[in-house]
Amino acid sequence: MSGTMTVEEARERVFARCRVLEAEEVGLLDALGRVLAAEARSDIDVAPFDNSAMDGYAVHAADLAGASSDAPVTLDVVSHIAAGDYSDLEVGPGQAARIMTGAPMPPGADSVVMVEFTESGAAEGSTGGTVRVMREPQLGEHIRRRGEEVRAGDVVLAAGEIIGPAGIGLLASTGHATVTVFRRPRVAVLSTGDELVEVDEVPGPGQIRNSNSYSIAAQVIAAGGVPVRYPIVSDDPDATRDAFTRAAAECDFIVTSGGVSVGDFDYVKPILEELGEMEFCKVAMRPGNPQTLGSIGDVPFFGLPGNPTSTFVGFEIFVRPALRYMQGHTELDRPRQTVRLAHDVKKKQDRRYYLRARVTVADDGALEVALSGSQSSALLTAAHRGNCLLVLPEGDGSFAAGSEVQVVRLDMEEGIA
Ligand code: AMP
Ligand code: MG
């Protein structure tokens, strides 16, 4: 057991107990938000063929030199090509093909004129006839080239890239019905406390609902993990031992809430020490003491305090980055911003404060932060209303309205800013 340590030291120790999980092959849509474990190459050229970027006419640019609304040029329309059609009919000099967006360019034509700059000499939808063109195109205008996005055999997404919706589209166009991504950690969520009842029960005298189990599970999902919520663990050594043993056998990471103070019925620390290793208990931050790190076998363990906001903040600072690391992410920190304080804030303790707050855009356009409710660690409303943690550094201090302070944005993804 070690003494008090900084948030940074504690985080390093958490990472040291975690490993990047193995890769797995998943259906394309299941890859959303995950990290690609092996590069993905394209099986074809994308686009697969030169095609029109506009509805209009495929033409020879040279035929239309000087064309304008005052001096239109008339061309013979020799074919009509819709998206999905294919025409190998040559478009010769003085000729044009009616062409739709995405349709393959016919042989011979070198440019596309938008339909807006033409007047058809034929009935709507009919082939043949003539077209009057009121514009001179640039050579190659409005043609999307074969292989513009990627060539057959080229890497379309590299290992380590995070797959967003656009990445899903790229993988689909290059033939990847399945992709290889890092596995999501199964995270055991264990709430300890004899005072706890389930969410669908009405608490009796001295009881409260087990809200942490749900808030932690939600944070696990938001971090990309798969929560496994276990039944409430009573404040009893045997129950604690059984629950931890089962969680370590079934999951990749264990998160507990409560039972880590110096109360008479706090069994998390002694049982963790008995079954595995326990590394630290106190981090110089508020809210959130104590935090308990360890492992059972090769399964990392993080014991959060029971107070709902301490649980919430501790998860954000320590558990979320660890779960992202396990999924192959390299960006592990939420974006930090320097913003203007909307009102005075005082702090006393030496510890670093993480206050629940909200950043908004002030009338003058600057970003401004204000506390989003009561800062009691037993209350969750301020965290719910907030979008950031206002970080006040170690040491005593008064922070005046208008001064610059640091916030950690909880509504923005790691890796931005
Ligand atoms: P503990 O760390 O076990 O001493 O708990 C600290 C405080 O957090 C107590 O007021 C508990 O009632 C509360 N608490 C503990 N576990 C939970 C939970 N699962 N849901 C909501 N509050 C809890
Ligand atoms: Mg307790």
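Residues numbered from 1 in each chain as written. Chains lettered and ligands numbered in written order. Predicted model: local features only at pLDDT ≥ 70, side-chain atom pairs only at ≥ 80, totals over all residues. Heavy atoms only, no water.

1. A look at the overall build of the protein
And step 1. Within the protein, the secondary structure is distributed over 7 helices and 29 strands.
And step 2. Relative to a compact globule of 417 residues, whose C-alpha radius of gyration would be 22 Å, the protein shows 31 Å and is clearly more extended.
And step 3. Expressed as lengths along the three principal axes of its C-alpha atoms, the size of the protein is roughly 95 × 50 × 40 Å.
And step 4. On the protein, roughly 19,200 Å² of surface is accessible, and the fraction owed to carbon and sulfur atoms is 51%.
And step 5. The centroid of the 37 positive side-chain charges in the protein is displaced by 7 Å from the centroid of its 60 negative side-chain charges. (Helix = DSSP H or I, 4+ residues; strand = E, 2+ residues; numbered from the N terminus. Rg over C-alpha atoms; globule rule 2.2 N^0.38 Å. Areas by Shrake-Rupley, 256 points an atom, 1.4 Å probe, with all protein chains shown as cover. Lys, Arg positive; Asp, Glu negative; His and termini not counted. Charge placed at Lys NZ, Arg CZ, Asp CG, Glu CD.)

2. Regarding unusual backbone geometry
And step 1. Here the bond from Val46 into Ala47 is cis, since omega is -5°, no more than 30 degrees from zero.
And step 2. Tracing the chain through its elements places Ala47 in the loop between β3 (40-41) and β4 (51-52).
And step 3. Residue Arg286 is joined to Pro287 through a cis peptide bond whose omega torsion reads 5°.
And step 4. Take Pro287: it is sitting in the loop between β20 (285-286) and β21 (292-296).
And step 5. Positive phi values are uncommon outside glycine, yet His142 reaches one of about 60°.

3. Concerning the site of ligand 1
And step 1. Surveying the vicinity of ligand 1 reveals 16 residues, the closest of which are Glu195, Asn210, Gly259, Gly306 and Asn307.
And step 2. Asn212 is positioned such that a nitrogen or oxygen atom in its backbone is 3.2 Å from a nitrogen atom of ligand 1.
And step 3. Between ligand 1 and the protein, one listed contact pairs an oxygen atom with a backbone N or O atom of Asn307 at 3.1 Å.
And step 4. In isolation ligand 1 offers 480 Å² of accessible surface; the protein chains occlude 77% of this area.
And step 5. For the shell around ligand 1, the elements supplying multiple residues, two or more each, are β16 (208-209) and α3 (211-222).
And step 6. Per-class residue counts for the shell around ligand 1 are 3 nonpolar, 11 polar and 2 charged. (Near = heavy atom within 4 Å. Polar contact = N/O pair within 3.5 Å; in protein donor to acceptor, adjacent residues only side chain to side chain. Nonpolar A, V, L, I, M, F, W, Y, C, P; charged D, E, K, R; others polar.)

4. Focus: the sheet that holds strand β7 (residues 95-99)
And step 1. With mixed pairing, the 6 strands of this open sheet are ordered in space as β8-β5-β7-β6-β10-β9. Every interior strand has two partners, whereas the edge strands, β8 (111-114) and β9 (118-120), have only one. Neighbour-to-neighbour, the strand axes of this sheet turn through a mean angle of 35°, independent of strand direction.
And step 2. Here 4 bridges tie strand β5 (residues 56-59) to β8, and the two strands are oriented antiparallel to one another. Note that in β8 the partner of Gly56 across the bridge is Met114. (Pairing = 2+ DSSP bridges. Axes fitted to C-alpha atoms, helices over the stretch in contact; angles between N-to-C directions.)

5. What to know about the environment of Ser234
And step 1. With respect to the element layout, Ser234 can be found in the loop between β17 (226-229) and α4 (237-250).
And step 2. Beyond its immediate sequence surroundings of up to four residues, Ser234 is in contact with Asp194, Ala239 and Thr240. (Contact = heavy atoms within 4.5 Å.)

6. Let's talk about the pairing of strand β6 (residues 73-81)
And step 1. Direction of pairing for β6 relative to strand β10 (residues 130-133): antiparallel, over a ladder of 4 bridges. Counted as the bridge partner of Asp76 is Thr130 from β10.
And step 2. Two strands pair when backbone bridges link them, and β6 and β7 are joined in this way by 5 bridges, in the parallel orientation. Counterpart to Ile81 in the pairing with β7 is Ile99.

7. Quick notes on the packing of aromatic side chains
And step 1. The final tally for this structure, using the stated rule, is 3 aromatic pairs.
And step 2. Taking 5.9 Å as the distance between ring centres and 45° as the angle between the ring planes, the aromatic pair formed by Phe15 and Tyr325 counts as tilted. Of this pair, Phe15 sits in helix α1 (residues 7-16) while Tyr325 sits in helix α6 (residues 308-326), placing them 310 residues apart in sequence. (Phe/Tyr/Trp six-rings, centres within 6.5 Å; stacked < 30°, edge-to-face > 60°.)

8. With respect to the environment of Val391
And step 1. By the element assignment, Val391 lies in strand β27 (residues 388-392).
And step 2. Residue classification places Val391 among the buried positions, given a relative accessible area of 8%.
And step 3. The spacing of Val391 and Ala103 is 288 residues in sequence and 56 Å in space, taken between C-alpha atoms. (Buried < 20%, exposed > 50% of the residue type's maximum accessible area, 1.4 Å probe, protein only.)

9. Observations regarding the domain arrangement of the protein
And step 1. Structurally, the protein comprises domain 1 (7-22 + 183-326), domain 2 (29-47 + 152-182), domain 3 (51-144) and domain 4 (336-409).
And step 2. Each of domain 2 and domain 4 was reduced to a C-alpha centroid, and the two centroids are 40 Å apart. (Domains from an automatic or database assignment.)

10. Details of the packing of α1 against α6
And step 1. Here α1 crosses α6 at 35°, and the two axes come no closer than 10 Å. Our pair here, α1 against α6, has a crossing hand that is right-handed. Of the residues in α6, those touching α1 at Val7, Ala10, Arg11, Val14 and Phe15 are Ile317, Phe318, Pro321, Ala322 and Tyr325. (Left-handed = near helix turned anticlockwise from the far one by under 90°.)

11. Section: the nonpolar core
And step 1. Membership of the largest hydrophobic core comes to 36 residues, with the highest contact counts inside it found for Phe253, Met285, Phe302, Ile317, Phe318, Leu323 and Tyr354.
And step 2. Split by domain, this core shows at least three residues from each of two domains, domain 1 (7-22 + 183-326) and domain 4 (336-409).
And step 3. Excluding residues within four positions of it along the chain, Phe302 makes contact with Val14, Phe253, Ile254, Val255, Thr256, Phe280, Gln291, Thr292, Leu293, Phe318 and Val319.
And step 4. One finds Leu190, Ala247, Cys281 and Ile296 within the second-largest nonpolar core, a separate group that totals 20 residues. (Core = buried A, V, L, I, M, F, W, Y, C linked by side-chain atoms within 4.5 Å.)

12. Observations regarding the side chain of Asn387
And step 1. With respect to the secondary-structure elements, Asn387 resides in the loop between α7 (381-385) and β27.
And step 2. Those residues in contact with Asn387 that lie beyond four places of it in its chain are Ala357, Arg358, Val359, Val408, Arg409, Leu410 and Asp411.

13. Points about the pattern of salt bridges
And step 1. Under the counting rule described, the total for this entry stands at 25 salt bridges.
And step 2. Here Arg146 and Asp45 are joined by a salt bridge, their closest N and O atoms 2.7 Å apart. Taken together, the positions of Arg146 in the loop between β11 (143-144) and β12 (155-157) and Asp45 in the loop between β3 and β4 put the pair 101 residues apart, joining distant regions of the chain.
And step 3. For Asp45, a relative accessible area of 12% gives the class buried.
And step 4. A salt bridge links Glu250 to Arg246, with the shortest nitrogen-to-oxygen separation between them at 3.3 Å. Placement of the pair is Glu250 and Arg246 together in helix α4, with a separation of 4 residues, close to one helical turn.
And step 5. Look at Arg246 and you get partly exposed, because its relative accessible area is 44%. (Salt bridge = Lys/Arg side-chain N within 4 Å of Asp/Glu carboxyl O.)

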